[in-house]
Amino acid sequence: MAAKPTGGENVLRHYELMVILDPSLEERTVAPSLDQYLNVIRTAGGSVEKLDVWGRRRLSFEINKKAEGIYAVVDLQATPEAVAELDRQLRLNENILRTKVIRPETR
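Overview of the structure. Bear in mind the structure is a predicted one, so any value in this text is a computation, not a measurement.

**Looking at the sheet that holds strand 4 (residues 96-102)**
Adjacent strands of a sheet pair through backbone hydrogen bonds, lying either parallel or antiparallel.
Working step 1: One open sheet accounts for four strands, arranged 2-3-1-4; its pairing is antiparallel. At either margin of the open sheet sits one strand with a lone partner, and together these are strand 2 (47-63) and strand 4. Neighbour-to-neighbour, the strand axes of the sheet open up by a mean angle of 20 degrees, direction not taken into account.
Working step 2: Alignment of strand 1 (residues 13-21) against strand 4, held across six bridges, turns out to be antiparallel. Paired with glutamate 16 across the bridge in strand 4 is isoleucine 102.

Written out as structure tokens, the structure is:
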């Protein structure tokens, strides 16, 4: 168990980020383009544990008139502010259909 932070310290927390990208993109370009966005986490002192591109999957409902999307899951350690900024930047990209950030339960 990590020590409790005393005032002003940046707390790195574990997050899982799921991104659904436009299916018209080439799958091999997904990881490098996401990696550019992940620099937000690295410059804020966080770390990217794993970037896993699941590939093209059928969506359960259409998003922007698209029935498929390219899924990618990222495990990362970062401050809440850095994750909020990453999510904001991802939403501005028109090739990204949806993002979801969760904090997996610690066991």
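**Some words on unusual backbone geometry**
Working step 1: For asparagine 64, which is not glycine, the phi dihedral falls at a positive 50 degrees.
Working step 2: Judged by its relative accessible area of 56%, asparagine 64 falls in the exposed class.
Working step 3: With phi around 60 degrees, lysine 65 is a residue other than glycine that occupies positive phi space.
Working step 4: Note on placement: lysine 65 falls in the loop between strand 2 and strand 3 (66-78).
Working step 5: When its relative accessible area of 77% is taken as the criterion, lysine 65 is described as exposed.

**With respect to the pattern of salt bridges**
In a structure, side chains of opposite charge can pair up when their charged atoms sit close to one another.
Working step 1: Per the stated rule, a full pass over the model turns up seven salt bridges.
Working step 2: For aspartate 35, the salt bridge is made with arginine 42, and the minimal N-O distance between the two is 2.9 Å.
Working step 3: Two residues, aspartate 87 and arginine 91, come together in a salt bridge whose shortest N-O distance is 2.7 Å. Taken together, the positions of aspartate 87 and arginine 91, both in helix 2 (residues 80-92) and four residues apart, correspond to about one turn of that helix.

**With respect to the packing of helix 1 (residues 30-43) against helix 2**
Axes are the key here: two packed helices are described by the angle between their axes and the distance separating the axes.
Working step 1: The geometry of helix 1 relative to helix 2 is characterised by a closest axis approach of 8 Å and an angle of 150 degrees between their N-to-C directions. If you check the angle between helix 1 and helix 2, you find them roughly antiparallel. Relative to helix 2, helix 1 is oriented so that their crossing is right-handed. Of helix 2, the residues touching helix 1 (which contributes Leu34, Tyr37, Leu38, Val40 and Ile41) are Ala82, Val83, Glu85, Leu86, Gln89 and Leu90.
Working step 2: Taken together, the residues of the contact of helix 1 with helix 2 break down into nine nonpolar, one polar and one charged.

Procedures and definitions
Residues numbered from 1 in each chain as written. Predicted model: local features only at pLDDT ≥ 70, side-chain atom pairs only at ≥ 80, totals over all residues. Heavy atoms only, no water. Pairing = 2+ DSSP bridges. Helix = DSSP H or I, 4+ residues; strand = E, 2+ residues; numbered from the N terminus. Axes fitted to C-alpha atoms, helices over the stretch in contact; angles between N-to-C directions. Buried < 20%, exposed > 50% of the residue type's maximum accessible area, 1.4 Å probe, protein only. Salt bridge = Lys/Arg side-chain N within 4 Å of Asp/Glu carboxyl O. Parallel < 35°, antiparallel > 145°, perpendicular 65-115°, else oblique. Left-handed = near helix turned anticlockwise from the far one by under 90°. Contact = heavy atoms within 4.5 Å. Nonpolar A, V, L, I, M, F, W, Y, C, P; charged D, E, K, R; others polar.

Coordinates in, geometry out; function isn't part of it.
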